[in-house]
Amino acid sequence: MTDVTGAPADVLHTLFHSDQGGHEQVVLCQDRASGLKAVIALHSTALGPALGGTRFYPYASEAEAVADALNLARGMSYKNAMAGLDHGGGKAVIIGDPELIKTEELLLAYGRFVASLGGRYVTACDVGTYVADMDVVARECRWTTGRSPENGGAGDSSVLTAFGVFQGMRASAQHLWGDPTLRGRKVGVAGVGKVGHHLVDHLRADGAEVVITDVRADSVRRILDQHPTGVTAVADTEALIRTEGLDIYAPCALGGALDDTTVPALTARVVCGAANNQLAHPGVEKDLADRGILYAPDYVVNAGGVIQVADELHGFDFDRCKTKAAKIFDTTLAIFARAKEDGIPPAAAADRIAEQRMAEARSH
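Just so we're clear, the structure is a prediction, and the values are computed from it rather than from any experiment.

(A) View of the overall build of the protein chain. Within the protein chain, the regular secondary structure consists of 16 helices and twelve strands. Projected onto its principal axes, the C-alpha positions of the protein chain cover 55 × 45 × 45 Å. Considering only residue pairs separated by 6 or more positions, the protein chain has 64% of its internal contacts joining residues 24 or more positions apart. Of the accessible surface of the protein chain, which amounts to about 15500 Å², a share of 51% is contributed by carbon and sulfur atoms. Averaged over its 34 positive side-chain charges, the protein chain has a centre that lies 4 Å from the centre of its 46 negative ones.

(B) Examining the packing of helix 15 (residues 328-342) against helix 16 (residues 346-363) more closely. Direction vectors running N to C along helix 15 and helix 16 enclose 105°, while the axes themselves pass 8 Å from each other. When the interaxial angle is binned, helix 15 and helix 16 end up roughly perpendicular. Two secondary-structure elements touch here, helix 15 through Ile 335, Phe 336, Arg 338, Ala 339 and Asp 342 and helix 16 through Pro 346, Ala 349, Ala 350, Arg 352, Ile 353 and Gln 356. Residues belonging to the contact of helix 15 with helix 16 are distributed by class as follows: seven nonpolar, one polar and three charged.

(C) Structural context of the state of the cysteines. Under the counting rule described, the total for this entry stands at zero disulfides. For Cys 252, which is in no disulfide, the shortest distance to another cysteine sulfur is to Cys 272 and amounts to 8.5 Å. Cys 252 gets classed as buried once you look at its relative accessible area, which sits at 13%.

(D) Looking closely at the packing of aromatic side chains. Within this structure, the stated rule accounts for three aromatic pairs. For the pair Tyr 57 and Tyr 59, a centre-to-centre distance of 5.1 Å together with 70° between the ring planes defines the contact as edge-to-face. For the pair Phe 316 and Phe 318, a centre-to-centre distance of 6.4 Å together with 75° between the ring planes defines the contact as edge-to-face. We classify Phe 316 as partly exposed; its relative accessible area is 26%.

(E) How the structure looks around the pairing of strand 4 (residues 54-57). For strand 4 and strand 5 (residues 88-95), the ladder comprises four bridges, and the chain directions are parallel. Each residue of the ladder has a partner; that of Arg 55, found in strand 5, is Val 93. A crossover links strand 4 with its parallel partner strand 5, the connecting element being helix 2 (residues 62-82), and its sense is right-handed.

(F) Layout of the sheet that holds strand 9 (residues 231-233). If you walk across this open sheet you meet the six strands as 9-8-7-10-11-12, and the pairing is parallel. The sheet is open, and its two borders are formed by strand 9 and strand 12 (294-295), each paired with just one other strand. The pairing of strand 11 (residues 270-271) with strand 12 spans two bridges and is parallel. The partner of Val 270 across the bridge, within strand 12, is Leu 294.

(G) Examining the pattern of salt bridges more closely. The full count for this structure, using the stated rule, is 18 salt bridges. Here Asp 126 ties to Lys 91 by a salt bridge, and the two come within 3.0 Å at their closest N and O atoms. Here Asp 126, found in the loop between strand 6 (121-122) and helix 5 (131-137), pairs with Lys 91, found in strand 5; they are 35 residues apart in sequence, far enough to count as distant. For the residue pair Asp 126 and Lys 91, the accessibility class agrees, reading buried in each case. With its nearest N and O atoms 3.8 Å apart, the salt bridge here joins Asp 247 to Arg 185. On the criterion of sequence distance, the pair formed by Asp 247 in the loop between helix 9 (237-241) and strand 10 (248-251) and Arg 185 in the loop between helix 6 (158-177) and strand 7 (186-190) is long-range, its members being 62 residues apart. Because the salt bridges share partners, they merge into one network encompassing Arg 55, Asp 68, Lys 91 and Asp 126.

(H) Here's a closer look at the side chain of Thr 145. Considering the arrangement of structural elements, one finds Thr 145 in the loop between helix 5 and helix 6. Residues in contact with Thr 145, not counting those within four places in the same chain, are Leu 51, Val 122, Thr 123, Ala 124, Met 134, Val 309, Glu 312 and Leu 313.

(I) View of the nonpolar core. One finds Tyr 110, Met 169, Val 189, Leu 199 and Leu 203 to be the most contacted residues of the largest nonpolar core, which totals 63 residues. Of all the elements, helix 4 (residues 104-115) adds the most residues to this core, at six residues. The contacts of Leu 203, once residues within four sequence positions are left out, are Phe 166, Met 169, Leu 182, Val 187, Val 189, Ala 208 and Val 210. Listed in part, the 18 residues of the second largest apolar core include Leu 246, Leu 258, Ile 293 and Ala 347.

(J) Helix 2, seen in detail. For helix 2, which comprises 21 residues, the first-to-last C-alpha distance of 30 Å matches the rise-based estimate of 30 Å (1.5 Å per residue) to within 8%. The buried fraction of helix 2 is high, at 17 of 21 residues. After helix 2 finishes, the residue Gly 84 shows a positive phi value of roughly 75°.

Rules behind the numbers
Residues numbered from 1 in each chain as written. Predicted model: local features only at pLDDT ≥ 70, side-chain atom pairs only at ≥ 80, totals over all residues. Heavy atoms only, no water. Helix = DSSP H or I, 4+ residues; strand = E, 2+ residues; numbered from the N terminus. Contact = heavy atoms within 4.5 Å. Areas by Shrake-Rupley, 256 points an atom, 1.4 Å probe, with all protein chains shown as cover. Lys, Arg positive; Asp, Glu negative; His and termini not counted. Charge placed at Lys NZ, Arg CZ, Asp CG, Glu CD. Axes fitted to C-alpha atoms, helices over the stretch in contact; angles between N-to-C directions. Parallel < 35°, antiparallel > 145°, perpendicular 65-115°, else oblique. Nonpolar A, V, L, I, M, F, W, Y, C, P; charged D, E, K, R; others polar. Disulfide = S-S within 2.5 Å. Buried < 20%, exposed > 50% of the residue type's maximum accessible area, 1.4 Å probe, protein only. Phe/Tyr/Trp six-rings, centres within 6.5 Å; stacked < 30°, edge-to-face > 60°. Pairing = 2+ DSSP bridges. Right-handed = clockwise from strand over helix to strand, strands pointing away. Salt bridge = Lys/Arg side-chain N within 4 Å of Asp/Glu carboxyl O. Core = buried A, V, L, I, M, F, W, Y, C linked by side-chain atoms within 4.5 Å. Expected span 1.5 Å × (residues − 1).

Next up, the structure:
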């Protein structure tokens, strides 16, 4: 069954009728001259303009792209609320392989669509988009962050994303083992690209033993060259999650890393990583809790990047951002305390705190 646009009706059902919906606005964008097809989803502007990155990805279908935009936008509402930002949640996806179709004309066309929203949506980098791309988008749209320092931006947000995930790991260690150090712990990092390679640097500096994997052999080689001791590589994520003696598992690639297959196989006591939407479906957080695995909610610990790009709107100051990102340690501990107090998994506790902040904003 399809709707009037030809899109599967379940997308509209998600938007208007499901718990995963409730979005304020979804914009379908097309510029045939440049080949642009994009979806901009605004989940909430209760706390302020929606803020979230632009993902450039070769989706298998337009319906899959819309579904991803909806999920990611909703996640951004919660992430921004938990990060203490005066921003709601939004996300955009550009459909296609960035290696094949990304052009200046396409990015400029995309910038015009974002600008047409009049500041309701502020964009930034995500999977498949980079600082140089945001510089191009910004030529058509002043509501663009994640730009280069030469163009008044903050540059690469993955630096503080990794720092925030590291703070989440320290909080997890404090909660579980009574000490915030990762010295002597074995940490598995799946995905050592933009964020993952910075995370490995923090872990090694703190004395952790690190096991890595990545679909790109050159990314793995770069880490092994940078860290000739204390880092080993395994063939794939399947091997990583089954690694003997693993203390912490850090999913740092695409979402859905925790599902009915991976959770029973995990050897780690903690899951804390940079990837968005790590829980493949509702109920996975309970499966983790039932196995005694502590889950640091993804949108809480990976908020360092969004803290950075939000600051760019006010004249970027790295030290101010790093101080805010360091508070992810305290926020994560507060979530674990709330989860224990309410007798619920940490993911549910984080949702409750975020929803409370959004509800209070709407009532004013």
